[in-house]
Amino acid sequence: MTGTLTIDKAAPTRAIKYGSMSRDRTWALRWSYFFLTLFAIFSLVPPLYMLITSLKGSAEISAASNPWWVFHPTLENYVRLLSSNQFLTFFRNSALVSILVVTITMLISVPAAFALARMRFWGSATLATGVFLTYLIPDTLLFLPLFKMFALFGDFTGIQLIGKWYVLVIVYPTLTVPFCTWIMIGYFASIPKELDEAAVIDGASWFQTMTRIFIPVALPGLIAATIFAFTVSWAQFLYPLVFTTSTDQLVLPVGIITTLIKGDVFNWGQIMTGALLGAAPPLIIYAFLMDYYIAGLTAGATKG
Amino acid sequence: MVDVAFQANNVAAPLTARKRSSLQRMMKRKSTSAFLMTLPLILLVGTLVVYPAFYSLHLATLNKSMQRFVGFGNFQFLFKRDTFWMVVEQSCIFAISAVFFKALIGFIVAHFVHNVPAKGQRKWRGMLLVPWVIPPAMSTLAWLWLFDPSYSAFNYTLSSFGIGPISWLGEPNWARFSVILVNVWYGAPFFMIMYLASLKSVPDQLYEAAAIDGANWWQRIWYITLPMMRNIIAITTLFSLIVTFANFDITRILTAGGPLDHTHVFATWAFKVGIEGSDLPLGASVSLFMVPILAIAAVFILRDINKRGNEA
């Protein structure tokens, strides 16, 4: 519309450009939606296929019918899994480990982040960078020395850690604490100095400054860090695979893979149901706290 | 523990009458309590990350029963094995191509999401991030089922176009492709979110100025978007390179290294040798080969962090 107006007033060459620009925009928008739909399908096919398969009976799974559709929906797989003590044990172990790890992570990383962000002391800057670097050391580099260390620890003290679920509570914080400390440093550092100066003037101790001012103000960051710690400990696969073997000590991901796959026999209906139930807690958290989840994700690289 | 130490110091503080000495004491107290607050972190990182990292260096120099020092014997043994070189090759192919496609798809999708009206963006972002949220071990099981040799849903779909059946995980090159595909599926949303965040921070005025100057979309991307996003692209790529290079879950569940060790990466092979073959030192030697790429990436990331620290 504005395009036609300008034609009458001034340079016609410009007017053509305006018209083509708005047409370009509608086309760009259509293409955007088209490709976004394609990518969304690509993203959602595996989880949807989990859901589809989990609703099928074993007869339908091995039938030659269209695999993308459920012809005879049944909750048989869910009933079977949720009434099996073994699966519930996996779930309990996973929940227990994750909750303990989240608690430990927060207890370690929040005070440390506060000290590193606000209380400059000898070596604090180096330590902050060092913490970040340890986050870059992958679990796949550490699992063998850790395995040997725990075995030696068992020989010396008689406390066998390997094979028990609580060994995971000791090991997982190495994956969560560095990153959580790092993003909490970022959040704490963004709090204006005036705020804690005011608190100190009012006679608050450093500990009070942290609990009364920093933690409430940086609550979004705290939630983001908690979500991160939970999802990492819920999803971890290598450490439980290495450190636990007996079925009553396994956590969900490893439990599903080692018990539902028996030799070459894949009970796909139950595997997919188990996988979906295992994916449910992080997905539910994500659905309700998406903004915090994304804040935690981007904080690591942009805030630092 | 920390908090008890804190309170005790706090009670002691008002007792000192002289201003100067109480100030000095406060400084002292501050650094002491700060140290106490970071102590659990230092202990954790020291005993369970730094120590094992160096311990694996020592472990790599022992023989299989871990009683005799063999120096570089494990490495010499590895260099003579064809499987090792295959693992090196596959690790590089896997990491580089997966990161490249993750970055590319992430960049493209971030642009599309950025393009649509703001109120719809949340919905799209929510759907597109789902692969990153599901624990990789669980989603890889879904892929394994999609790739199943006899009931593959992909092959069912392809057969209606007259293609296939493709042996997704049975034939070496297809298996390599599948492992990379799953990794790209899992990792691309992370790039998308990072790029989207940084796209939003590019000021609109720059694009308006470019539009007035008659820049086409390619010039806008090349001269405005990419330079503005350079930092975030670099750091995300380095991060992802480390994580992908050290990836275990996907390859382990999808192929367990097969067919015939063609898809083994360092992590899965180290697991196979070290835990399943119970040769811990050899496994440790294999996993140590991840260190160089890690060190290089770490140096670059560190440089970036220091640079940003100076700007602030």
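My aim in this report is to walk through the structure given alongside it, one point at a time. If you're wondering where the values come from, they're calculated on a predicted model, not measured in any experiment.

## Some remarks on the overall build of chain B
Phase 1 of the analysis: Scanning chain B from N- to C-terminus turns up 15 helices and 0 strands.
Phase 2 of the analysis: Taken over 312 residues, chain B has a buried fraction of 51%.
Phase 3 of the analysis: As displayed, chain B offers around 15200 Å² of accessible surface, 66% of which is attributable to carbon and sulfur atoms.

## Section: the overall build of chain A
Phase 1 of the analysis: When helices and strands are counted, chain A shows 16 helices and 2 strands.
Phase 2 of the analysis: Long-range contacts, defined here as pairs at least 24 residues apart, represent 73% of the contacts in chain A between residues at least 6 apart.
Phase 3 of the analysis: With an accessible surface of roughly 14000 Å², chain A has 69% of that area assigned to carbon and sulfur atoms.

## What to know about the packing of helix α7 (residues 139–157) of chain A against helix α13 (residues 266–276) of chain B
Phase 1 of the analysis: Look at α7 of chain A against α13 of chain B: their axes get within 9 Å of each other, and the N-to-C directions meet at 15°. By the angle between their directions, the pair α7 of chain A and α13 of chain B is classed as roughly parallel. Our pair here, α7 of chain A against α13 of chain B, has a crossing hand that is left-handed. Along the contact surface, α7 of chain A presents Thr140, Phe143, Leu144 and Phe147 of chain A, while α13 of chain B presents Ala267, Ala270, Phe271, Gly274 and Ile275 of chain B.
Phase 2 of the analysis: Residue classes in the contact of α7 of chain A with α13 of chain B are distributed as 7 nonpolar, 2 polar and no charged.

## What about α7 of chain A?
Residue and element names in this part refer to chain A.
Phase 1 of the analysis: Relative to the 27 Å expected for 19 residues at 1.5 Å per residue, α7 spans 25 Å between its end C-alpha atoms, a close match to the ideal helical length.
Phase 2 of the analysis: Maximum bend of α7: about 25°, positioned at proline 145.
Phase 3 of the analysis: Among all positions in α7, only Asp139, Thr140, Leu141, Leu142, Phe143, Leu144, Pro145, Leu146, Lys148, Met149, Phe150 and Gly154 are buried.
Phase 4 of the analysis: The first or second residue beyond α7 is glycine 158, which carries a positive phi of 80°.

## Considerations on the interface of chain B and chain A
Phase 1 of the analysis: Tallying the contact residues gives 96 residues for chain B and 98 residues for chain A.
Phase 2 of the analysis: Taken together, the two surfaces of chain B and chain A that pack against each other cover about 8700 Å², and 83% of this comes from carbon and sulfur.
Phase 3 of the analysis: Note that aspartate 291 of chain A is salt-bridged to arginine 122 of chain B, the shortest N-O span being 2.9 Å.
Phase 4 of the analysis: For the side of chain B that touches chain A, the element with the most residues is helix α2 (residues 19–59) of chain B, which contributes 21 residues.
Phase 5 of the analysis: Classifying every residue of the side of chain B that touches chain A by side-chain character gives 74 nonpolar, 14 polar and 8 charged.

## Brief notes about helix α9 (residues 173–189) of chain A
Phase 1 of the analysis: Across its 17 residues, α9 of chain A extends 23 Å between first and last C-alpha, which sits within 8% of the 24 Å expected from 1.5 Å per residue.
Phase 2 of the analysis: Of all 17 residues in α9 of chain A, 16 are buried; the element is thus mostly enclosed.

## Quick word on the packing of aromatic side chains
Working definition: an aromatic ring pair is given by the centre-to-centre distance plus the angle between the planes.
Phase 1 of the analysis: A full pass over the atoms with the stated rule returns 54 aromatic pairs over all chains.
Phase 2 of the analysis: Considering the side-chain rings of tryptophan 31 of chain A and phenylalanine 34 of chain A, the 5.8 Å spacing of their centres and the 80° angle between planes classify their relative orientation as edge-to-face. With tryptophan 31 of chain A and phenylalanine 34 of chain A both in helix α2 (residues 12–54) and 3 residues apart, the pair spans about one turn of that helix.
Phase 3 of the analysis: Measuring from centroid to centroid gives 6.2 Å for phenylalanine 114 of chain A and phenylalanine 188 of chain A, while their planes differ by 85°, and the two rings are edge-to-face. Of the two residues, phenylalanine 114 of chain A is situated in helix α5 (residues 85–118) and phenylalanine 188 of chain A in helix α9; the sequence distance between them amounts to 74 residues.
Phase 4 of the analysis: Overall, phenylalanine 114 of chain A belongs to the buried group, its relative accessible area being 0%.
Phase 5 of the analysis: Residue classification places phenylalanine 188 of chain A among the buried positions, given a relative accessible area of 0%.
Phase 6 of the analysis: Joined through ring pairs, the aromatic side chains of Phe75, Phe79, Phe84, Trp85, Phe245, Phe266, Trp269 and Phe289 of chain B make up one cluster.

## Structural notes on the nonpolar core
Phase 1 of the analysis: In this structure, Phe188 and Tyr239 of chain A together with Leu141 of chain B are the most contacted members of the largest nonpolar core, which totals 192 residues.
Phase 2 of the analysis: Setting aside anything within four residues of it in sequence, one finds tyrosine 239 of chain A in contact with Asp139, Leu142, Phe143, Leu146, Leu168, Val171, Tyr172, Thr174, Leu175 and Thr244 of chain A.

## Notes on empty space enclosed by the protein
Phase 1 of the analysis: Enumeration over the complete set of coordinates arrives at 5 cavities of 30 Å³ or more.
Phase 2 of the analysis: Its boundaries defined by the atoms lining it, the largest cavity holds a volume of some 1200 Å³.
Phase 3 of the analysis: Lining the largest cavity are 49 residues, and of these Tyr135 and Val232 of chain A together with Trp132, Tyr186 and Val243 of chain B sit closest to its centre.
Phase 4 of the analysis: When its residues are assigned to classes, the lining of the largest cavity shows 34 nonpolar, 12 polar and 3 charged.
Phase 5 of the analysis: There is about 100 Å³ of room inside the second largest cavity.
Phase 6 of the analysis: Looking at the second largest cavity, it is lined by 13 residues, and the ones nearest its centre are Ser43 of chain A together with Ile105, Leu128, Ala188 and Pro189 of chain B.
Phase 7 of the analysis: Elements with a contribution of two residues or more to the lining of the second largest cavity: α2 of chain A together with α4 (82–115) and α9 (172–200) of chain B.
Phase 8 of the analysis: Take the lining of the second largest cavity: its biggest share by element is 5 residues, from α9 of chain B.
Phase 9 of the analysis: The class makeup of the residues in the lining of the second largest cavity is 11 nonpolar, 2 polar and no charged.

## Focus: the pattern of salt bridges
Phase 1 of the analysis: The full count for this structure, using the stated rule, is 6 salt bridges over all chains.
Phase 2 of the analysis: We note a salt bridge from arginine 118 of chain A to aspartate 196 of chain A, for which the minimum N-O separation is 3.0 Å. Note that arginine 118 of chain A is positioned in helix α5 and aspartate 196 of chain A in helix α10 (residues 193–201), a separation of 78 residues in sequence. Just as arginine 118 of chain A is buried, aspartate 196 of chain A falls in that class too.
Phase 3 of the analysis: Across the salt bridge formed by arginine 125 of chain B and aspartate 291 of chain A, the nearest N and O atoms sit 3.6 Å from each other. Residue arginine 125 of chain B is located in helix α5 (residues 118–128), and its partner aspartate 291 of chain A is located in helix α16 (residues 290–302); the two belong to separate chains.
Phase 4 of the analysis: Where salt bridges share partners, they join Asp291 of chain A together with Arg122 and Arg125 of chain B into one cluster.

About the cut-offs
Residues numbered from 1 in each chain as written. Chains lettered and ligands numbered in written order. Predicted model: local features only at pLDDT ≥ 70, side-chain atom pairs only at ≥ 80, totals over all residues. Heavy atoms only, no water. Helix = DSSP H or I, 4+ residues; strand = E, 2+ residues; numbered from the N terminus. Buried < 20%, exposed > 50% of the residue type's maximum accessible area, 1.4 Å probe, protein only. Areas by Shrake-Rupley, 256 points an atom, 1.4 Å probe, with all protein chains shown as cover. Contact = heavy atoms within 4.5 Å. Axes fitted to C-alpha atoms, helices over the stretch in contact; angles between N-to-C directions. Parallel < 35°, antiparallel > 145°, perpendicular 65-115°, else oblique. Left-handed = near helix turned anticlockwise from the far one by under 90°. Nonpolar A, V, L, I, M, F, W, Y, C, P; charged D, E, K, R; others polar. Expected span 1.5 Å × (residues − 1). Bend = angle between axes of the 7 residues up to and from the residue. Buried area = accessible area lost by both parts, 1.4 Å probe. Salt bridge = Lys/Arg side-chain N within 4 Å of Asp/Glu carboxyl O. Phe/Tyr/Trp six-rings, centres within 6.5 Å; stacked < 30°, edge-to-face > 60°. Core = buried A, V, L, I, M, F, W, Y, C linked by side-chain atoms within 4.5 Å. 1 Å grid on protein atoms, 1.4 Å probe; cavity = no way out; pocket = protein on both sides within 12 Å on 5 of 7 lines; lining within 4 Å. Points joined across faces, edges and corners; volume = space filled by probe spheres on them.

The quantities given are spatial measurements derived from coordinates; they are silent on function.
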